Amino acid sequence: MYISEYCEVSYEQAYNVVLVKWKKFCCRQDYQKPLEYALDIIRRHPNCDYAADTRTGFENIPEDTQWV
């Protein structure tokens, strides 16, 4: 599990899904690091899905959109 002030990333084995829960706005490394962690989980679990919880508000800066 990855936990920061901006995001929580967890793997839900029962559903074979990585869940990324965004807590508040972040950018650059604070945005990229949790997504890289999620991608590592996806690489290790065949057919793993990705889900993002953005209910607490979410937006990207253009540089992060390009990075994705």
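Rules of the game
- Residues numbered from 1 in each chain as written.
- Predicted model: local features only at pLDDT ≥ 70, side-chain atom pairs only at ≥ 80, totals over all residues.
- Heavy atoms only, no water.
- Helix = DSSP H or I, 4+ residues; strand = E, 2+ residues; numbered from the N terminus.
- Expected span 1.5 Å × (residues − 1).
- Buried < 20%, exposed > 50% of the residue type's maximum accessible area, 1.4 Å probe, protein only.
- Contact = heavy atoms within 4.5 Å.
- Salt bridge = Lys/Arg side-chain N within 4 Å of Asp/Glu carboxyl O.

Attention now goes to helix α1 (residues 29-44). Along its 16 residues, α1 runs 22 Å from first to last C-alpha, staying within 8% of the 22 Å computed at 1.5 Å per residue. Within α1, the full set of buried residues consists of Tyr31, Gln32, Pro34, Leu35, Ala38 and Ile41. Packing partners of the buried residues in α1 comprise β1 (2-3), β2 (7-12), β3 (17-22), β4 (49-53) and α2 (62-67).

Take the pattern of salt bridges next. Summed over the entire model, instances satisfying the criterion amount to four salt bridges. One salt bridge connects Lys23 with Glu8, and the closest N-O pair in it is separated by 3.4 Å. Taken together, the residues span a long stretch of sequence, with Lys23 in the loop between β3 and α1 and Glu8 in strand β2 at a distance of 15 residues. Residue classification places Lys23 among the partly exposed residues on the basis of a relative accessible area of 29%. On the accessibility criterion, Glu8 (27% relative accessible area) is partly exposed. Notably, a salt bridge pairs Asp40 with Arg44, separated by 3.2 Å at the nearest N-O pair. With Asp40 and Arg44 both in helix α1, this residue pair falls four residues apart, about one helical turn.

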